[in-house]
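Notes for the structure review
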Amino acid sequence: MTTPTYSLIKVQEIKNDAYILENGGLRAVLEVTGINFSLLSEKEKWIIINQFKNFIDGLDFPLEILALSRLENINDYLKILHLRLEEEKDPLIKFQLEEYTSFLEDYLENHKIMKKVFYVIVPYDPLEADLGPLTKIKKTSKPEENDKTKFEQLEIRVNYVIDSLFNLGLSAQRLSELQLIELLFETYNPNLRWNQLPKQIIKKLAEKL
């Protein structure tokens, strides 16, 4: 019997801007800006590599770095151009806008424009041993940690990672519950252009959680 795809997803619930896994573990997801490394000088490259090494060495919990390549979606930009085109009165500018919009639509139809998106996944699994200075509790004899404690420990880690990435010149934005749903859907539907899924569908999915 064929196993359905959704059985591979170990997310039981999405709550407080985090994935709650079947085993009770939590996962927060940060969307991180990239750096065009090839444009940096050798000195700048060395500084960033050294800072990143120090960041990794200073962690006392695992991190997952996820890089996704997706077909770019510029539909919103095209809508803005069409609105601008309707409002434009100058014939020359109107002609240029028409040509530019037509070029973009044709190019997008016949070429694959890819978008690279970077994520850092911050975990917290209950009753971890030797958590280190970034957490306030150690493994205890209690069979379970309550939800409040787990989310507090996850929050400490998230803030630490965001601050550390900021020191590297990277901006990190934590995904909301709706964005986490969207990420799951688009990850398992790679043929969609990025952010192509209508927001109303995302909201309906959220209501079922």
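Residues numbered from 1 in each chain as written. Predicted model: local features only at pLDDT ≥ 70, side-chain atom pairs only at ≥ 80, totals over all residues. Heavy atoms only, no water.

Now for the overall build of the protein. Of the regular secondary structure elements, the protein holds six helices and six strands. Taken from the N to the C terminus, the helices and strands of the protein come in the order β-β-β-α-β-α-α-β-α-β-α-α. Put simply, the protein has 209 residues, and 33% of those count as buried. Pairs at least 24 residues apart make up 69% of the contacts formed inside the protein by residues separated by at least 6 positions. Here the protein has roughly 14,100 Å² of accessible surface; of this, 55% comes from carbon and sulfur atoms. (Helix = DSSP H or I, 4+ residues; strand = E, 2+ residues; numbered from the N terminus. Buried < 20%, exposed > 50% of the residue type's maximum accessible area, 1.4 Å probe, protein only. Contact = heavy atoms within 4.5 Å. Areas by Shrake-Rupley, 256 points an atom, 1.4 Å probe, with all protein chains shown as cover.)

So, on to the side chain of Glu88. For Glu88, the position within the fold is in the loop between helix 2 (75-87) and helix 3 (91-110). A distance of 2.3 Å separates polar atoms of two side chains, one belonging to Glu88 and the other to Arg84. Side-chain polar atoms of Glu88 contact the backbone nitrogen of Asp90, separated by 2.9 Å. (Polar contact = N/O pair within 3.5 Å; in protein donor to acceptor, adjacent residues only side chain to side chain.)

Relative to the helices and strands, Leu78 is located in helix 2. Sequence separation between Leu78 and Thr101 is 23 residues, and the spatial gap between their C-alpha atoms is 7.0 Å. Leu78 has contacts with Thr101, Leu104 and Glu105, leaving out every residue within four places of it along the chain.

For the coordinates displayed, the defined rule picks out six salt bridges. Residue Asp57 is joined to Lys53 by a salt bridge in which the shortest nitrogen-to-oxygen separation is 2.9 Å. Of this pair, Asp57 and Lys53 both sit in helix 1 (residues 42-57), four residues apart, which is roughly one turn of that helix. (Salt bridge = Lys/Arg side-chain N within 4 Å of Asp/Glu carboxyl O.)

On inspection of all chains with the given rule, the structure shows two aromatic pairs. Aromatic side chains Phe52 and Phe55 sit 6.1 Å apart centroid to centroid with 55 degrees between the ring planes, which places their arrangement in the tilted category. Of the two residues, Phe52 and Phe55 are both situated in helix 1; the distance of three residues between them amounts to about one turn of the helix. For Phe52, a relative accessible area of 35% corresponds to the partly exposed category. Taking relative accessible area as the criterion, Phe55 reaches 8% and is therefore assigned buried. (Phe/Tyr/Trp six-rings, centres within 6.5 Å; stacked < 30°, edge-to-face > 60°.)

On to the confidence of the model for the protein. For the protein, per-residue confidence averages 80 on the pLDDT scale, and 78% of positions sit at 70 or higher. When the elements of the protein are averaged for pLDDT, helix 6 (residues 199-207) gives the smallest value, 55, and strand 3 (residues 26-32) the largest, 95. Contacts of residues 129-143 to residues separated by more than four positions or lying in other chains number 28 contacts, the stretch itself having pLDDT below 50. (pLDDT = per-residue confidence, 0-100.)

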